[in-house]
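One-letter residues, chain by chain:
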Amino acid sequence: MKRRQALLTLGLLCAPGFLACAAAPAVSPALAPTVQGARPALPQGSIAVRAERLYTMAGPVIEDGIVWIEAGKIRAVGPAASVSLPEGISLLRAKVATPGLVDAHAVVGLAGWLNVDADKDELDGGGPVQPELRALDAYNAKEPLVQWVRSFGVTTVHTGHAPGALISGQTLIVKTRGDTVEQAVLEPTVMVTASLGDGARGGSGAPGSRAKAAAVLRQELHGAKSWMEQRERDAAKEPEEGKDAPPEPARDLRKEALVRVLKGELPLLLTAHRAHDLMTALRIAEEFPGLKLVLDGASEAPLVLDALVAAKVPVVVHPSMQRTGGEAASLSFTTAQLLLEAGVPVALQSGYEDYVPRTRVVLFEAAIAARHGLPFERALGLVTKDAAQLLGIFDRVGSLEVGKHGDVALYDGDPFEYTTHCTAVVIEGESFPGEQPKLVR
Amino acid sequence: MTIASALGSLCLALAASPQGAAPKDQTAPPAVTAFVGARILPIGAPAIERGVLLVEGGKVRAVGPVDGVAIPEGAGRVDLAGKVVMPGLVCTHSHVGEPWGADSSGPIQPEVSSWDSMDVTAASVHRARAGGLTTINAMPGSGHLISGQTAYLKLRLGRTVEELAYRDADGRFLGGLKMANGTNPQRESGPFPGTRAKSAALVRQRYLDAVAYRDKLAAAGDDTSKRPARDLGLEALVEAMAGTRIVHHHTHRADDIMTVLRLAEEFGFRVVLHHVSEGWAVAKEIAAAKVPCSIILIDAPGGKLEAAGLSYDTGAVLEKAGVRVAVHTDDFITDSRLFLRSAAFAVRGGMSREKALEAVTLAGAEMLDLADRVGSLAPGKDADFVVLDGDPLSVYTRVLETWVEGAKVFDLADPEDRLVAEGGPGAGDRRPGVSCCAAVAGWEAAR
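Residues numbered from 1 in each chain as written. Chains lettered and ligands numbered in written order. Predicted model: local features only at pLDDT ≥ 70, side-chain atom pairs only at ≥ 80, totals over all residues. Heavy atoms only, no water.

**Quick notes on the overall build of chain A**
No. 1: Scanning chain A from N- to C-terminus turns up 11 helices and 16 strands.
No. 2: With respect to the three principal axes, the spread of C-alpha positions in chain A is 75 × 60 × 40 Å.
No. 3: Each of the 441 residues in chain A was classed as buried or not, and the buried ones make up 57%.
No. 4: Here the analysis covers contacts within chain A between residues at least 6 apart in sequence; of these, 70% occur between residues at least 24 apart.
No. 5: Summing over all exposed atoms, chain A offers an accessible surface of approximately 17,700 Å²; the carbon and sulfur share of this is 52%. (Helix = DSSP H or I, 4+ residues; strand = E, 2+ residues; numbered from the N terminus. Buried < 20%, exposed > 50% of the residue type's maximum accessible area, 1.4 Å probe, protein only. Contact = heavy atoms within 4.5 Å. Areas by Shrake-Rupley, 256 points an atom, 1.4 Å probe, with all protein chains shown as cover.)

Here it is, written out as structure tokens:
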């Protein structure tokens, strides 16, 4: 480990058996760390990345570009000739660098890699409607799969409760670092996850039919709405003269979470695949004017494209390589492209598997989208800029721009190529190793 | 022969025209077809920059550079300039078409066979063609110690498993035997094993039964009255010990791998190790036992306890140790349409390009005892090949066409085939030999 750190400081990263280190250009003398004389201490989280091709996602690709990160934030970005780095700064080199990847929907950190009772926390079987379950109380920052996805360049993950219940819980956004969720968290509460179709027909006391699932969902939302209105009326009442103020009403975590959904504070992230389930989702969302709907999965979206466009609903498309079958028998490698071209806001996800792989890697999913016709930068956008925009965090991550988080993924070639490697990852100025053949136990 | 299979044979004969579609006139297709101009990766021989693949009667007649192969007069000609041609891909471990075997009545059922389960019209089978696969080992699952006999299939267009079967000289179906150890065959209650030692004991006892059965058969000789009553399960095990039925053994953890080697040595069955997630830890032992490995590469390790040790460098480590390595899809675990991606990921983990390409062709053919027929493009072998638009290990490369025995079975330019290759509404429908039937219609019209 010490040796790896030393190599990182020199600006090279040599994963055993991977990239031929000899091919990496040497650090230029002007940029090499000085060894003699006092130098001003650099703030923690300061590092620079120099790449032969730098994709900022905020302008054209930069040939021989530099990203200078200071105290975790991007201080400068541009052609190497235009950025003068402070003496002594650590410099990482790469053939290609991109913004740290953003996974628009995962279960990693709740779903553990061993897939045994002890590490399965993505879905509680206690009931079909549990919007009060916080991802913050379940996310395991030390889960090995978090390290796994980071090693391929993923720095930000929107993760939480899995599809598989009518309403399964909440989500959060984390950076793929830290020993605790407190250290990792970027946004503590982001969306509430729901499912229609087969996913809604699971768990004890779950609805047994599509119509029942829709009715239960409607009823829950109406129940929360009435509860909210009653509380608003109670709060508006003047206390009667000579009497004490009425006691604070009892808290109800479930209703409180649904109220936040009704107000649009927490979008409803609804997983559905079949066209008729997607239409049911649109229908229910329309009945609750404040509710913000985000569709998830949506493999039959092409069949109801006009309705999706008209409803202006964003879609977190199924992983390109999600298994074909069941409700997703019409799954296509081209779903993301089709939606993008129709003007639907789209991002890609690693998704959810109950078996193997327990997590997918969004980099690989974007690669398959690129293979089937999306131009390189459009495909890269699905796991950087577009994902950050869809999640409402584009002010901080998703592109390499001055003032944003210093999150960078480094590669030894075209990031989408099967035989390329991620050589290092930077999160807010902190560097991490790139991919290794295996997770070390 | 059933009517369906008779019809199937007819379509196969007709589909052997270079276009693979209905003949447009009544002239017979040329006996010889030359595929000209592609970069050819014959496998087991150096790449040919601008090559000719000469096909006659469903077999490779010649392969070589354009200036080195004489194209006979009257030969059909297919221009493949700018394309890449390689042998049809061989997957040693596939579940397309649901070739399930044993039921829940017990952990050892060598008498059941994938032949009696497989649906060759399933969409998943055509997805395999779309991925460039031409030969598969269709297997039962790994939820039993012995889950049944496997089916070696040639992915001709056809509606019956009979049409797709690999057969021996006597016309018998060819296949292996699926076994598994580790956690998958374990259950909480009997008759399934609850531990690894119990698993090995159950297998050992059944093989001992098979040894006794074999000895009784040998002792009886030609005297039928002395032969034991036929036992279909023990017969399969006897074939395994005779080496005529290869054992395909699911195994992940290093200790489980060693148990397979121990049992194989004890009973002398020929075995291919499958998945081999921790093969990197016992590569020397595997090499010493001269046992080949068919490995899997998945997008993340884990998903179950025994696969936590999955490593992208397993192929590289085994290659360096001198082990013969194939890569498989385990479709539905990975998608057959992306089979070449698995070979590329083995290279990502350090395997040589040469061996990684062999891992999805010739090495797999060897592990199915079919290397005399398929796995490389050499004179006399079946004309099974894939046409690509670029480097087989690049993400941007697409499978343009798949050919089996000189007949086109997948064409990306065909809208129906493209639907299967990319997905979309209707892509999951069964495909009862659409191209095949078009050929039948053409044949009837020609009469």
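From this point, the discussion proceeds with the structure in view.
**Some remarks on the sheet that holds strand 4 (residues 59-65) of chain B**
All names here are of chain B.
No. 1: Taken in spatial order, the 4 strands line up as 4-3-1-5 in an open sheet, and their pairing is mixed. Whereas interior strands pair on both sides, the edge strands pair on one side only; in this sheet they are strand 4 and strand 5 (76-79). Between one strand axis and the next, the sheet turns through 20 degrees on average, direction left out of account.
No. 2: In the sheet, strand 1 (residues 32-36) pairs with strand 3 (residues 51-56) via 5 bridges, with the strands oriented antiparallel. Bridge assignment links Thr33 to a residue of strand 3, and that residue is Val55. (Pairing = 2+ DSSP bridges. Axes fitted to C-alpha atoms, helices over the stretch in contact; angles between N-to-C directions.)

**Considering the interface of chain A and chain B**
No. 1: Taken together, the contact pairs 46 residues of chain A with 44 residues of chain B.
No. 2: Both faces combined, the contact of chain A with chain B buries some 3,900 Å², and carbon together with sulfur accounts for 59% of it.
No. 3: The largest contributions to the chain A side of the interface with chain B come from Arg371(A), Tyr418(A) and Lys438(A), which together make up 20% of the buried area.
No. 4: For Lys438(A), the salt bridge goes to Asp313(B), with nearest N and O atoms at 3.9 Å.
No. 5: Connecting chain A to chain B are 21 residue pairs in polar contact (both at pLDDT 80 or more).
No. 6: Put simply, the parts of the chain that give the side of chain A that touches chain B at least two residues each are helix 2 (144-150) and helix 9 (362-371) of chain A.
No. 7: Split into classes, the residues belonging to the side of chain A that touches chain B amount to 26 nonpolar, 11 polar and 9 charged. (Buried area = accessible area lost by both parts, 1.4 Å probe. Salt bridge = Lys/Arg side-chain N within 4 Å of Asp/Glu carboxyl O. Polar contact = N/O pair within 3.5 Å; in protein donor to acceptor, adjacent residues only side chain to side chain. Nonpolar A, V, L, I, M, F, W, Y, C, P; charged D, E, K, R; others polar.)

**Let's talk about the environment of Leu174(B)**
Residues and elements named next belong to chain B.
No. 1: With respect to the helices and strands, the residue Leu174 is situated in the loop between helix 3 (161-164) and strand 11 (177-180).
No. 2: A sequence separation of 61 residues divides Leu174 from Ser113, and the C-alpha atoms of the two residues are 11 Å apart.
No. 3: The residues touching Leu174, leaving out its near neighbours within four places in the chain, are Trp115, Thr150, Ala151, Tyr152, Tyr166, Arg167, Asp168, Leu370 and Arg373.

**Here's the deal with the domain arrangement of chain B**
Residue and element names in this part refer to chain B.
No. 1: In terms of domain boundaries, chain B breaks down into domain 1 (3-88 + 378-446) and domain 2 (89-367).
No. 2: On a C-alpha basis, the centres of domain 1 and domain 2 stand 29 Å from each other.
No. 3: Taken residue by residue, the interface counts 43 residues in domain 1 and 33 residues in domain 2.
No. 4: Of the roughly 3,000 Å² buried between domain 1 and domain 2, counting both surfaces, carbon and sulfur atoms make up 65%.
No. 5: For domain 1, the biggest contributors to the area lost against domain 2 are Ile43, Leu393 and Val409; these three give 20% of the whole.
No. 6: For the pair domain 1 and domain 2, the number of links is 5 salt bridges.
No. 7: Where domain 1 packs against domain 2, one counts 12 residue pairs in polar contact (both at pLDDT 80 or more).
No. 8: If you list the elements that add at least two residues to the side of domain 1 that touches domain 2, you get helix 1 (3-15), strand 6 (84-87), strand 16 (385-388), strand 17 (399-404), strand 18 (407-411), helix 12 (415-422) and helix 13 (434-446).
No. 9: When the residues that make up the side of domain 1 that touches domain 2 are grouped by side-chain class, the tally is 23 nonpolar, 9 polar and 11 charged. (Domains from an automatic or database assignment.)

**Here's the deal with the domain arrangement of chain A**
Residue and element names in this part refer to chain A.
No. 1: According to the domain assignment, chain A contains domain 1 (1-31 + 43-99 + 398-435) and domain 2 (101-235 + 251-394).
No. 2: Here the C-alpha centroids of domain 1 and domain 2 sit 31 Å apart.
No. 3: Across the boundary between the two partners, domain 1 contributes 27 residues, which contact 27 residues of domain 2.
No. 4: Carbon and sulfur atoms make up 65% of the surface buried where domain 1 meets domain 2, a total of about 2,200 Å² over both sides.
No. 5: Per-residue buried area on domain 1 facing domain 2 is highest for Met57, Phe416 and Ile427; these three make up 32% of the total on that side.
No. 6: Counting across the interface, domain 1 meets domain 2 through 4 salt bridges.
No. 7: Among the salt bridges present, the one from Arg177 reaches Glu430, with a minimum N-O distance of 2.9 Å.
No. 8: In this structure, the connection of domain 1 to domain 2 is made through 10 residue pairs in polar contact (both at pLDDT 80 or more).
No. 9: Of all the elements in the fold, those that place two or more residues in the side of domain 1 that touches domain 2 are strand 4 (91-99), strand 14 (408-411), strand 15 (422-427) and strand 16 (430-433).
No. 10: Here the side of domain 1 that touches domain 2 is built from residues that sort into 14 nonpolar, 6 polar and 7 charged.

**Re the packing of aromatic side chains**
No. 1: Per the counting criterion, the structure on display carries 15 aromatic pairs over all chains.
No. 2: Their ring planes at 45 degrees and their centres at 4.9 Å tell us that Tyr55(A) and Phe376(A) sit as a pair that is tilted. Here Tyr55(A) is found in the loop between strand 1 (47-54) and strand 2 (62-70), whereas its partner Phe376(A) is found in helix 10 (residues 376-381), with 321 residues between them in sequence.
No. 3: Their ring planes at 70 degrees and their centres at 4.9 Å tell us that Phe35(B) and Phe385(B) sit as a pair that is edge-to-face. Note that Phe35(B) is positioned in strand 1 and Phe385(B) in strand 16, a separation of 350 residues in sequence. For the pair Phe35(B) and Phe385(B), one class covers both residues: buried.
No. 4: A connected cluster of aromatic rings, assembled from ring pairs, spans Trp148(A), Phe152(A), Phe364(A), Tyr418(A), Tyr312(B) and Phe345(B). (Phe/Tyr/Trp six-rings, centres within 6.5 Å; stacked < 30°, edge-to-face > 60°.)

**Considerations on the pattern of salt bridges**
Residue and element names in this part refer to chain A.
No. 1: Applying the stated criterion across every chain yields a total of 62 salt bridges over all chains.
No. 2: Close ionic contact of Asp137 with Arg134 constitutes a salt bridge, the shortest N to O distance being 2.8 Å.
No. 3: Accessibility expressed as a relative area gives 40% for Arg134, which makes it partly exposed.
No. 4: Via salt bridges that share partners, Lys175, Arg177, Asp407, Glu428 and Glu430 belong to a single interconnected network.

**Quick word on the confidence of the model for chain B**
All names here are of chain B.
No. 1: Counting all residues, the mean pLDDT for chain B is 92, and 90% of those residues have values of 70 or more.
No. 2: Within chain B, strand 6 carries the highest mean pLDDT (99), whereas helix 1 carries the lowest (39).
No. 3: In the predicted structure, residues 1-26 sits below a pLDDT of 50 and forms 39 contacts with residues beyond four places in sequence or in another chain.
No. 4: Between residues 436-447, whose pLDDT stays under 50, and residues either more than four places distant or in other chains, the model counts 14 contacts. (pLDDT = per-residue confidence, 0-100.)

**Some details on the packing of helix 4 (residues 210-236) of chain A against helix 5 (residues 253-262) of chain A**
Residue and element names in this part refer to chain A.
No. 1: It is the contact of helix 4 with helix 5, at a shortest axis distance of 9 Å, that shows an interaxial angle of 95 degrees. Taken together, the axis directions place helix 4 and helix 5 in an arrangement best described as roughly perpendicular. For the pair helix 4 and helix 5, the contacting residues are Glu220, Leu221, Gly223, Ala224, Lys225, Trp227 and Met228 in the first and Arg254, Lys255, Glu256, Leu258, Val259 and Leu262 in the second.
No. 2: Of the residues belonging to the contact of helix 4 with helix 5, the class tally is 7 nonpolar, 1 polar and 5 charged. (Parallel < 35°, antiparallel > 145°, perpendicular 65-115°, else oblique.)

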